[in-house]
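Structural characterization, general
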Amino acid sequence: MVLPVSRSSRFLSVYLALVQYPMLAGRIRQLMRAKLAEKGIIDSQALINEAIQAAINSQEREGLNEPLYQESAENWERRKSAVIDSLTDAYFSENFEYETLSAIIQQALSERGIEADELSLDFNPELAPAEMLFNRGIYLESLSAEELAPHAARLAEIKVVLIRKMISDQLRYVNIAKDWFTVQDLAEIRRHKLGEGRIGGKAAGMLLAARILKEKASEDLQNALRMPTSYYIGSDVFYNFMSVNNLIHWSDQKYKSEDQMWQDYPLILADFKAGAFPPSISQYLETILAMSGGRPLIVRSSSLLEDNFGTAFAGKYESIFLPNQGNPEENLRALILAMASIYASALHPSALVYRKNRGLQDYDERMALLIQVVEGQKHGKYYFPELAGVGFSHNTYRWSPQIRAKDGFIRLVWGLGTRSVDRVGNDYPRLIALSHPTLNPSTNQKNILRYSQQYIDLINLEKNVMETLPVHQVLGSQIPNLRYFAQISSEGYIHSLHSNLLDGSPKDLVLTFEDLLSKTKFPALMREMLMTLENEYRTPVDLEFTARLENTPDGPQPLLTLIQCRPLTTFKEGFSLIPKDIPDKDVLFSASTLVAGGTVEPIEYIISVSADDYFSLKTEKARYALERTIGRLNAALKKETFICIGPGRWGTSNPDLGIHVDYADIFNTKALVEVAGKLQGVSTEPSLGTHFFQDLMEGQIYPLGIWPGQDFIDQARLDKAPNQLLEWIDADPVTAKVLRLIKTREMEADAILTLAMDDRSGKALCYFKRS
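From a predicted model like this one, the values you see are computed outputs, not experimental measurements.

1. Observations concerning the overall build of the protein
Within the protein, the regular secondary structure consists of 31 helices and 29 strands. By the burial criterion, 56% of the 771 residues in the protein qualify as buried. For the protein, long-range pairs separated by at least 24 residues make up 75% of all intrachain contacts whose partners lie at least 6 apart in sequence. Carbon and sulfur atoms make up 50% of the accessible area of the protein, which amounts to about 33100 Å² in all.

Put into structure tokens, the structure is as follows:
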């Protein structure tokens, strides 16, 4: 789909082109008027008559009621000539492309015996309009290597300026992108873009990764790769939306207190959802809907800082699925509501606190949008991709010594990828170490069943909604290539299917992806894709993808769709030798679910919530009060070294399975310790690969898991320690009973609390170190 260039942009392009040739401007405009007359648009005399009337109107606006006496003939001629020139430029820019103007300029130059190339490069790309940059860049790229050599630097400058204007102004991104994108590539992006602003970080990362793989991937990977159909809404549309809907008064949210941010956000969301777009933008959105052919869409945030080096903004902004199964008016309204909601999420407290913590509070963080057709297949009344997940080129979590970190890691799910990036409370993705794809974190059959995927996110086409269903309501022999995704559990054993014909019930199926990993090229292709991108990005990366199997005479072949790619923040290199002679009385806890090596000392405070106390909170209101109090305590302790210890999963979306906090509530802590045991069988499954985990890595916050039976925690010692909570902040009586703030020097006056983590052995020990 081609978005027409705005009249004002093309007018500026014509004007600046003529400024380059002041001595020829008269002749060039004469040829332009001749072209207008030749095409029957307007003849020269009609244009002059219109210009005279416009000049008279301009006199009246200036208060010249008797122009014959108030303006000299010389000034009148200058005024009339200026209006004739302006109308010539306007008519021409409205009816012709830049290539026609270029031909006219070259004709005028030839009449003077001037070689076009002698002057055509004499302009400042930083000030030139995009039309001129594309025209000149495409022309330069068409030259032979020998012809281009004298102008290579100018071509590089043009590409950099276009990348900064259209895609991203982040220098680390530009430094890589300029070596990969051609002007033709950028022109193709522009064909799918609305607005003059940048397309933002999420779109930028996807496009750069795709361009790198187009050239560097092996033949097998290139044949397997697909790109989603995508449209880009420039960041300038965000401010236009706020302006036309009188929402500018909310733009100072980032300078308010966190409490005020939370108080205001419901009002902000309501105001944004009540907004509307101008007709020109609504028409563009109608075109996108028409071109989607009734397939579901996803509207994704793509802010200017998102998915950048060191600032992933993982999960901070909204992404919204649209089933797109209503009538045209309903689909358009749903699309506009989704866009408005994502615009509002730019002012969400979690995003604003994240920016402040990263030193980005004063950056003009505008929100661009990425609208994509959802990759997937129709299965009866349901629509979803066969496979979706997130991949990491560096595996920070190794559950076996033989796993190689440099080969990468995947979280894989069946259905929409939401369950792979969010830490849902009631489900588990398949964790895949790409160095040993079939090596399961657990060899125990009972645990494999328990920690397999239990639910699927999908789009119900009949109901026109996104749903979450138990996998057994969808799994069955009607699913193509079922045996590559599922195995069957029978009499205490799990074994592969030999075909799609089931001997037992669909309830006996277990999503293990075992045959996908052992009998297709999927792991090898994913490993190559991650390693290729890491090499070119010159840093580890993570990406989101969907995949499906295509049946061929050579067997099922994976087809991969790249959805997102961004630089991956990892924990700083380091390990800590754990002393072997620590007395039992000095050990506070040990842990064996470990993400990285390092040391935290001295730990001055511990934020502690016991399982018994947490689950005594029966109401949503009480648990919400706890979350908000933890957030305030985190802010109060910003200059202290502290860790957090709590039951189940920190950051879970289900408060029944752990403490439902955001990154904004805990970003000052040095470690998050998850204690399993009293959660009705819920494990502390590593959050690796989720948006929450991305935040922890960026903040260099160590996540640890304490497992019953193999690890230790002296919970009684924590429960008996004096609670200093009310000396730091106010809290209601119920919360003050559950949430404990412990000063470690009051536990042991003559020792410092140390957390030592050894990546090589996969062990951690928190103990009192005595001098």
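Here the narrative resumes, following the displayed structure.
2. Re helix α19 (residues 349–357)
For α19, the buried fraction is high: seven of the nine residues fall into the buried class. Listed as buried for α19 are P349, S350, A351, L352, V353, Y354 and R355. Just beyond α19, the residue with positive phi is G359, at close to 75°.

3. Some points on the confidence of the model for the protein
Put simply, the protein has an average pLDDT of 83, and 87% of its residues get 70 or more. Per-element mean pLDDT across the protein ranges from 47 in helix α7 (residues 116–120) up to 95 in strand β8 (residues 382–384). Scored below 50 in pLDDT, residues 1–9 makes 21 contacts in the model with residues more than four places away or belonging to other chains. The low-confidence segment residues 679–684, where pLDDT is below 50, has 24 contacts with residues more than four positions distant or belonging to other chains.

4. Thoughts on the sheet that holds strand β26 (residues 712–713)
If you trace the five strands from one edge of the open sheet to the other, you get β21-β28-β29-β19-β26, paired in antiparallel fashion. Only two strands of the sheet have a single partner each, and these edge strands are β21 (598–603) and β26. Of the pairings in the sheet, the one linking strand β19 (residues 587–591) to strand β29 (residues 763–770) comprises four bridges and is antiparallel in character. Residue pairing for β29: V587 is matched across the bridge by Y767.

Calculation criteria
Residues numbered from 1 in each chain as written. Predicted model: local features only at pLDDT ≥ 70, side-chain atom pairs only at ≥ 80, totals over all residues. Heavy atoms only, no water. Helix = DSSP H or I, 4+ residues; strand = E, 2+ residues; numbered from the N terminus. Buried < 20%, exposed > 50% of the residue type's maximum accessible area, 1.4 Å probe, protein only. Contact = heavy atoms within 4.5 Å. Areas by Shrake-Rupley, 256 points an atom, 1.4 Å probe, with all protein chains shown as cover. pLDDT = per-residue confidence, 0-100. Pairing = 2+ DSSP bridges.

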